[in-house]
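Report on the structure
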Amino acid sequence: MHARLRIEQPPRDLAGWAALFRPQALPVLAISAATLDELRDHEDTVDAHMLSETVAADPLLTLRLLAHVGHLLRNREGTEVETVTAALVMMGIPPFFRHFGSFDVAEEQLADLPEALDGFLAVLRRSHRAARFAIGFAVHRMDHDAPLIHEAALLHDFAELLLWLHAPNLALRIAAAQAADPTLRSAVVQKEVLGIELAELQHLLMQQWRLPGLLVQLTDDHATRSTPQLRNVLLAIRVARHSSQGWDNAALPDDVRDIADLLQLSADATIRLLREIDED
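Since this is a predicted model, take the numbers as computed values, not measurements. (Residues numbered from 1 in each chain as written. Predicted model: local features only at pLDDT ≥ 70, side-chain atom pairs only at ≥ 80, totals over all residues. Heavy atoms only, no water.)

**Quick word on the overall build of the protein chain**
Counting secondary structure elements, the protein chain contains 17 helices and 0 strands. At 19 Å, the protein chain has a C-alpha radius of gyration in line with the 19 Å of a compact globule built from 280 residues. Counting only C-alpha atoms, the protein chain reaches 50 × 45 × 35 Å along its principal axes. Scored against the burial criterion, the 280 residues of the protein chain give a buried share of 49%. Contacts in the protein chain between residues at least 24 apart in sequence constitute 69% of all its contacts with a sequence separation of at least 6. Carbon and sulfur atoms form 51% of the exposed surface of the protein chain, whose accessible area is close to 13800 Å². Charge separation in the protein chain, taken as the distance between the mean sites of 25 positive and 40 negative side-chain charges, equals 5 Å. (Helix = DSSP H or I, 4+ residues; strand = E, 2+ residues; numbered from the N terminus. Rg over C-alpha atoms; globule rule 2.2 N^0.38 Å. Buried < 20%, exposed > 50% of the residue type's maximum accessible area, 1.4 Å probe, protein only. Contact = heavy atoms within 4.5 Å. Areas by Shrake-Rupley, 256 points an atom, 1.4 Å probe, with all protein chains shown as cover. Lys, Arg positive; Asp, Glu negative; His and termini not counted. Charge placed at Lys NZ, Arg CZ, Asp CG, Glu CD.)

**Considering the pattern of salt bridges**
The final tally for this structure, using the stated rule, is 13 salt bridges. The shortest N-O distance in the salt bridge between Arg 241 and Asp 157 comes to 3.1 Å. With a gap of 84 residues between them, Arg 241 in helix H15 (residues 228-242) and Asp 157 in the loop between helix H9 (146-155) and helix H10 (158-166) connect regions that are remote in the sequence. Across the salt bridge formed by Arg 238 and Asp 255, the nearest N and O atoms sit 2.7 Å from each other. Taken as a pair, Arg 238 in helix H15 and Asp 255 in helix H16 (residues 252-263) lie far apart in primary sequence, 17 residues in all. Here Arg 238 falls in the partly exposed class, since its relative accessible area comes to 28%. Under the relative-accessibility criterion, Asp 255 is labelled buried at 1%. (Salt bridge = Lys/Arg side-chain N within 4 Å of Asp/Glu carboxyl O.)

**With respect to the environment of Phe 158**
Within the element layout of this structure, Phe 158 appears in helix H10. Along the sequence, Phe 158 and Val 123 sit 35 residues apart, while their C-alpha atoms lie 8.6 Å from each other. The residues touching Phe 158, leaving out its near neighbours within four places in the chain, are Leu 63, Gln 202, Leu 205, Met 206 and Trp 209.

**Looking at the nonpolar core**
Within soluble globular proteins, side chains that are nonpolar tend to cluster in buried spots. Core analysis: the biggest nonpolar cluster contains 94 residues, and Leu 51, Leu 65, Phe 96, Phe 120, Phe 137 and Trp 209 have the highest contact counts within it. Ranked by residue count, the leading element in this core is helix H8 (residues 114-140), at 11 residues. Excluding residues within four positions of it along the chain, Leu 65 makes contact with Val 55, Val 84, Ala 87, Leu 88, Met 91, Phe 96 and Phe 100. (Core = buried A, V, L, I, M, F, W, Y, C linked by side-chain atoms within 4.5 Å.)

**Focus on unusual backbone geometry**
Residue Met 142 is not a glycine yet carries a positive backbone phi of 55°. In this fold, Met 142 is placed in the loop between H8 and H9. A positive phi is found at Arg 210, a non-glycine position, where the angle reads about 60°. Within the secondary structure layout, Arg 210 lies in the loop between helix H13 (198-208) and helix H14 (213-218). On the basis of relative accessibility, which here comes to 43%, the residue Arg 210 falls in the partly exposed class.

Written out as structure tokens, the structure reads:
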């Protein structure tokens, strides 16, 4: 177990923020910890595909695994493992259980701050919805990298999860500012409260933790070059955000138009697809 980091005052700069976080200290979701404890008792019958279902549903555990494998491969030029299943195959099941033997539980870290726990869980729900939209779009596009696209959407907001976990009072200040003024852009209020944008912190952490290059690209909101895969991820993020409180958000018609363009569908067919994905 690791000492729990609780940040009350923002560090001076982006490098200061990045220095606070280590992938091996990330907590995992309660359901992941319970499932892994159960699977550990039957290690001989567990395979990579069975284990990947648990890991790939937990953005924090996914980060821990990919960062660990990236560290193992750090001296192997041109070698990257991009998905959870590939990482588990490369690492092996017994070494996985030996290395990931104990965890802090994310929900327990915020047990004393129910408002912050609600904020954390809201981001987690949004990330899962975005990942479902992303893989639904990727399957429609017959993209061979659909698992990686799912992973990118799930991890897209992990810096916000870390903020709720480790700087809950700062996260609550941001949430209060946006609740008071719904037109306030996230990047603006983050800069005001934290001194940085979370997207910048996330991008730097992914590079420092040696996450796969394509995954870093697919989570980059400020990428200069757009690709269908990047649009796939970013549109999934957009529609998950805008529909988080229902399907009457004023921004959704623009999302539908852009998704229809990506998928080469009519607007009506796109709306049907979105509703189908969301009901799964």
